[in-house]
Amino acid sequence: MADTLTPPTGELENFDPQRVVEEPLWRVRLRLGWRSFRRNWALFNDNKMGVVGLAIIALFGLMALAHPILMATIWSNHLEGGKNVYDIRAGADSIIVTKTIVEEVTDPLTEISQIEAMFLGTGVNIPEIGDTIESPLANPAPPVFSGVKHPHILGTDPFGGDVFSQLLFGARAAFLLGAIAAISSVALATLVGTISAYFGGVIDTLLMRLADLVILIPLLPLLIVVSGFWNVELTMLGILIGILSGLGGTAIILKSQALSVKVKPFIDAARIAGGGHWRIITRHIIPNVLPLSFLYMMFAVTGAIFTEAALSFLGLLNIQQSWGIMINIAHTQGYTLEGFDVWWLMFPAGLAITLFSAGFFLVGRAMDEVVNPRLRKR
Amino acid sequence: MAQTLEIESRGGKAGTPLLEVQNLVMHYGTKEGDVSAVEDVTFTLNNGEAIGLVGESGCGKTSIALTLLRLLPDNSVVKSGDVRLDGESLIGLDEEQMRRRRWRDISMVFQGAMNSWNPVYRIGDQIREALRLHWPETLTYQEETERIAALFELVGLNPATMERYPHEFSGGMRQRAVIAMALSCNPKVIIADEPTTALDVIVQDQILRELKKIQKELGMSIIYISHDIAVIAEVTERMGVMYAGKLVELGSTIEVFHRPKHPYSYLLLKSTPSITGPRRKLAPLEGEPPNLIEPPSGCRFHPRCPFATQQCIDEDPPLTTVGEGHSVACWHWQEVPEIGGLQK
Amino acid sequence: MTEPMTDIAAKTTPLVKVENLRKLYPVSKNIFREAHDFVHAVDDINFEIAPGESLGLVGESGCGKSTTGRMLTKLTDATSGQILLDDKGELIDIAHIQRSDMRRFRRRVQMIFQDPFESLNPRRTVYDTVAESLTVQRIGRVQEREERVAELLHRVGLTPPESFLFRYPHELSGGQRQRVAIARALVIDPTFVVADEPTSMLDVSIRISIMDLMLKLADEFNVSYLYITHDLAVARYMCDRIAVMYLGKIVEIAPTEELLANPRHPYTRALLSAVPVPDPAYKRERVDIKGGISKALNPPPVCRFIERCPRATDQCRTSDHPGFDDLGNGHLVACYNL
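Residues numbered from 1 in each chain as written. Chains lettered and ligands numbered in written order. Predicted model: local features only at pLDDT ≥ 70, side-chain atom pairs only at ≥ 80, totals over all residues. Heavy atoms only, no water.

1. A few points about the overall build of chain A
Assigned secondary structure in chain A consists of 12 helices and 4 strands. In chain A, buried positions account for 44% of the 378 residues. Here the contacts in chain A between residues at least 6 apart in sequence split such that 69% fall between residues at least 24 apart. (Helix = DSSP H or I, 4+ residues; strand = E, 2+ residues; numbered from the N terminus. Buried < 20%, exposed > 50% of the residue type's maximum accessible area, 1.4 Å probe, protein only. Contact = heavy atoms within 4.5 Å.)

2. Here's the deal with the overall build of chain B
Looking only at helices and strands, chain B has 10 helices and 12 strands in total. The C-alpha atoms of chain B give a radius of gyration of 21 Å, which matches the 20 Å a tight globule of 344 residues would have. With the C-alpha coordinates of chain B rotated into their principal frame, the extents come out at 65 × 50 × 40 Å. Taking all 344 residues of chain B together, the buried fraction comes to 57%. Residue pairs in contact within chain B that sit at least 24 positions apart in sequence constitute 67% of those at least 6 positions apart. When the accessible surface of chain B is summed, it comes to about 13,700 Å², and 50% of that surface belongs to carbon and sulfur atoms. (Rg over C-alpha atoms; globule rule 2.2 N^0.38 Å. Areas by Shrake-Rupley, 256 points an atom, 1.4 Å probe, with all protein chains shown as cover.)

3. Examining the packing of aromatic side chains
The description of two aromatic rings rests on the distance between their centres and on the angle between their planes. All names here are of chain B. All told, the structure shown has 18 aromatic pairs over all chains when counted by the stated rule. The ring of Trp 135 is capped by Arg 104, whose NZ or CZ atom sits 5.5 Å from the centre of that ring. Over the ring of Tyr 141 we find Arg 128, and its NZ or CZ is 3.9 Å from the ring centre. (Phe/Tyr/Trp six-rings, centres within 6.5 Å; stacked < 30°, edge-to-face > 60°. Lys NZ or Arg CZ within 6 Å of the ring centre and 35° of its normal.)

4. A closer look at the packing of helix 2 (residues 48-72) of chain A against helix 4 (residues 163-199) of chain A
Residue and element names in this part refer to chain A. With their axes 8 Å apart at the nearest point, helix 2 and helix 4 run at an angle of 120 degrees to one another. In terms of orientation, helix 2 and helix 4 fall into the oblique class. The chirality of how helix 2 crosses helix 4 is left-handed. From helix 2, Ile 57, Phe 60, Gly 61, Met 63, Ala 64, Ala 66, His 67, Pro 68 and Leu 70 reach across to helix 4, where they touch Phe 164, Ser 165, Leu 167, Leu 168, Phe 169, Ala 171, Arg 172 and Phe 175. Here the contact of helix 2 with helix 4 is composed, by residue class, of 13 nonpolar, 3 polar and 1 charged. (Axes fitted to C-alpha atoms, helices over the stretch in contact; angles between N-to-C directions. Parallel < 35°, antiparallel > 145°, perpendicular 65-115°, else oblique. Left-handed = near helix turned anticlockwise from the far one by under 90°. Nonpolar A, V, L, I, M, F, W, Y, C, P; charged D, E, K, R; others polar.)

5. Regarding the interface of chain B and chain C
Counting residues at the interface gives 42 residues for chain B, matched by 41 residues for chain C. Here chain B and chain C share an interface that buries about 3,600 Å² over both sides, 58% of which is from carbon and sulfur atoms. When residues of chain B are sorted by the area they lose upon contact with chain C, Ile 202, Ile 275 and Arg 279 of chain B head the list and together hold 21% of the total. Run the count over chain B and chain C and you get 3 salt bridges. Residue Arg 284 of chain C pairs with Glu 234 of chain B through a salt bridge whose shortest N-O separation is 2.7 Å. At the junction of chain B and chain C, the tally comes to 11 residue pairs in polar contact (both at pLDDT 80 or more). (Buried area = accessible area lost by both parts, 1.4 Å probe. Salt bridge = Lys/Arg side-chain N within 4 Å of Asp/Glu carboxyl O. Polar contact = N/O pair within 3.5 Å; in protein donor to acceptor, adjacent residues only side chain to side chain.)

6. Topic: the sheet that holds strand 12 (residues 332-333) of chain C
Residue and element names in this part refer to chain C. Here 8 strands make up an open sheet; going across it, the order is 6-7-8-3-9-10-12-11 and the pairing mixed. The strands lining the two open edges of the sheet, one partner per strand, are strand 6 (109-112) and strand 11 (325-326). Where strand 10 (residues 249-255) meets strand 12, 2 bridges bridge the pair, whose relative direction is antiparallel. Paired with Ile 253 across the two strands is Leu 332, which belongs to strand 12. In this fold helix 3 (residues 99-108) packs onto strand 6 and strand 7 (192-196), with an angle of close to 50 degrees to the strand it touches most, strand 6. Across the face of the sheet, helix 6 (residues 174-186) comes into contact with strand 6 and strand 7 while running at roughly 175 degrees to strand 6. (Pairing = 2+ DSSP bridges.)

7. With respect to helix 2 (residues 95-105) of chain B
Of all the positions in helix 2 of chain B, only Met 98, Arg 101, Arg 102, Trp 103, Arg 104 and Asp 105 of chain B are classed as buried. Capping the start of helix 2 of chain B is the job of one residue whose side-chain oxygen sits 3.1 Å from the backbone nitrogen of Glu 96 of chain B: Asp 94 of chain B.

8. Some thoughts on helix 2 of chain A
Residue and element names in this part refer to chain A. Compared with the 36 Å implied by 1.5 Å per residue over 25 residues, the 36 Å span of helix 2 between its first and last C-alpha is a close match. The largest bend in helix 2 comes to about 30 degrees, at Ala 66, with the proline Pro 68 one to four residues further on. Those residues of helix 2 that fall on the buried side of the exposure criterion are Gly 50, Gly 53, Ile 56, Ile 57, Phe 60, Met 63, Ala 64, His 67 and Leu 70. The secondary structure elements touched by the buried residues of helix 2 are helix 1 (25-46), helix 4, helix 11 (323-332) and helix 12 (343-371). Capping the start of helix 2 is the job of one residue whose side-chain oxygen sits 3.1 Å from the backbone nitrogen of Met 49: Asn 47. (Expected span 1.5 Å × (residues − 1). Bend = angle between axes of the 7 residues up to and from the residue.)

9. Quick word on the nonpolar core
Counting residues in hydrophobic clusters, the biggest one holds 103 residues, and the most contacted among them are Phe 43, Ile 127, Phe 152, Leu 183, Ile 191 and Ile 223 of chain B. Take this core: its biggest share by element is 7 residues, from helix 5 (residues 171-183) of chain B. Not counting residues up to four positions away in its chain, the partners in contact with Ile 191 of chain B are Ala 65, Leu 68, Leu 69, Ile 106, Ser 107, Met 108, Val 109, Ile 223 and Ile 225 of chain B. Counting residues in hydrophobic clusters, the runner-up holds 78 residues, among them Trp 75, Leu 237, Ile 329 and Leu 345 of chain A. (Core = buried A, V, L, I, M, F, W, Y, C linked by side-chain atoms within 4.5 Å.)

10. Focus: the confidence of the model for chain B
Residues with a pLDDT of 70 or more make up 98% of chain B, whose mean pLDDT is 88. For this predicted complex, the interface score ipTM comes out at 0.88, while the overall pTM is 0.84. (pLDDT = per-residue confidence, 0-100.)

11. Topic: the environment of His 96 of chain C
All names here are of chain C. Turning to its location among the elements, His 96 is positioned in the loop between strand 5 (90-93) and helix 3. Sequence-wise, His 96 and Gly 81 are 15 residues apart; in three dimensions their C-alpha atoms are separated by 9.0 Å. A distance of 2.7 Å separates a polar atom in the side chain of His 96 from a polar atom in the side chain of Asp 93.

Okay, here's the thing in structure tokens:
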């Protein structure tokens, strides 16, 4: 009675396995990858916070790209003393710098006033106290857009360097540092976390105690000590931050994720299929940890930028130019307390650091919702 | 209103209607569209009666329980219909009025409840908390303790164990304590949603016996919800079969088991293995339960139904009475063969 | 202890022969201290499985049935004892397998897991999952593997296979996932499959079609199952013989119908009497046993069931855990008071 109710199931006779293998495997995989990217993008796109973050990052990307282009085109002919005014390091423009003479300083040897010496033989009247002169000494100048030889749209720094040019270049430095730090940190954290979770036992104990140690050592003071001994450049700083943050908290977080993956039956299934440790780690555990790794990569960028800014501010890095150095110069030249009167010295760089970090943070938060479906709104 | 400390059911006279669910329609709003989780469900629970709702996961049986208790998630909407307890509509009540009824009038024993004990408080104190929140009068500490002891004895636990912490209880003991908690305020109705699903078979048997004994002794009204028709067969007098949000068959348990009139009930029974009776071939139900965002037209079971005709695709069959207290929503109920129990 | 041959096993040499298998889990072990306390998860069990036969391993949670399955698939190492697998007339001892034999062993023994939502890697396609053992063991060219996987998908009822080949697990229903898991287990042509509660997470209506599929494929692929389940009704449908486990010991083995009709061990009786019956008119016999299941932490050498047994005598309290008594027809019971 029951048997008659069962509809017939598919027969093997009219099955042709040839039919299914028409499309080569790599193309199928490419198609699948594209599809899953589109799906994740749609989820990401739902979250306006992430889109804003991405827009901010894109803006900084444009800035980083703009610097070499501007140097090669619009800014290429602005020479002063044989050097380009807009050069981020050597460039200095004194033309529009003015100064009010406050006191007369006399050279103790020649007993000639410095101002007199400066204007002797120029045919210009020697200025008195209280006069305003155009100073050959570089000093911060406010933004000038047009009507002068070299327009400085964000003014100049205490050495006469163009702030806007430095700001654009700083974006390059930030991207470079962020990328190196984030990739090395997360690659290390993923590997350490996964290996620690997968093998457990002594390896786990050693790696995790190392992680505890790294967490215990405060990153900034350590880097201060390190940069006291070595000449720390941008790349090296990136790798240092990467190693220190990659061995610490991130490794522990990714380990806990790897642990939750390790106990899943599909890992057992992979072992039964005959997969070795390496295959199980790379094909089964890491792909399931990776979304979280990407997330921490975003947060690692934020951390690296802040660290760089702090170290540069303290003048401990051998870096050509960065946002942190811009603030450092303003600070060491004594403009910190002048606040809004010389806003272009600190404000653009400070805002850039904040926005850049915020951009990555927002993207990270939005990715969090893609990675953790629990956080998603229905 | 003087309250006795007796453990009892506060329901009315046996056999009179207690909880009436009328044409209940409940949807969940999702990004993909409305999920029609409960569609036009009508049934009545009488005083002192144990009824069962059976169906597969996603058929809407738990959604009904949540609607009765008004514990639905935010994205759910009761589109129409009513739930009446002793003639009073629960759907219209505000959250505060409902909160006062929830435990006091309708309590619950749900799946995995045994794991919902707070690990840092003693079991007895957690029941005491429920009493303090929901018992209409203030009891002395001594009265509370006596009541908890009586509850423990009723569910087969040693009253001395009320001083213990949840981790000191086995799974079965914890589930017994959950039942004690459900009984603590003399509810009118208990909703038992998969009360034994996570338990081992011997413990399950003990718990089911306990529940059955309590139901008989106190004249308690219980709604059992389960995916396991064998459990429903053990403990209920009447049962409803649900499929894809619809109540497809309603009748006395023995009638539904021996003479099912809906093809789904029939196939469900035919596909349930048993350790008694002759060894038999089981009939698989082909296909998968439908997507409730776009449910099939007409009868929702038609894509999997061996009796389906054009009429089933076009028209939704209404719940029609086919025998005493037995109704079914199928155009072809007369064609469904009799099963007549396991021994045949 | 000599192992009496069962009816089915007597006809041929057994495919799998488990002898004195034990698994002890140390409690509170660390680098500096040897463990003193052990949970006897599986304690000295013996059974055989004939080619093409399926043996049900039944018991409550924590009885050691899953640990047994994991030892047979080498996911867990045995503490002691032997697991002999017949590979074309040659015996491989799985418990003490050489590294060089591992690959061969992995081709012979496969497993189907309980939870279809957790047993498939969510980041790999159906093809990757099913083809994994072929890929790992470098069997066939890519195209041959693809064809083989497609054939398997067809045979487990995922038709047309090309529409399933490159789906991800989240695009499949529970029943479809379990079909993929079955295809994965059979793709490499094993002789022995351990199925650990493969249908317990599935809906009733799906369950039977998966069980029917497994029975059909057992015939077609000529595989033997060790079918681990807590559900005696499912074991009855799937298995030729049933072994009942209690706290790490097998207390009774018999052909399925014999065991259900004529259970002899008091635990088996209690277990059978507790199974709800899908017929309200059926009145079950009630067998009461005391207490609940405990943990086999440093158990005394006496019968494990003694504390709950309604029939325990002085002999039970003073003697070692009983060995098997052969009652004929392949019915073995470990009890002193039959």
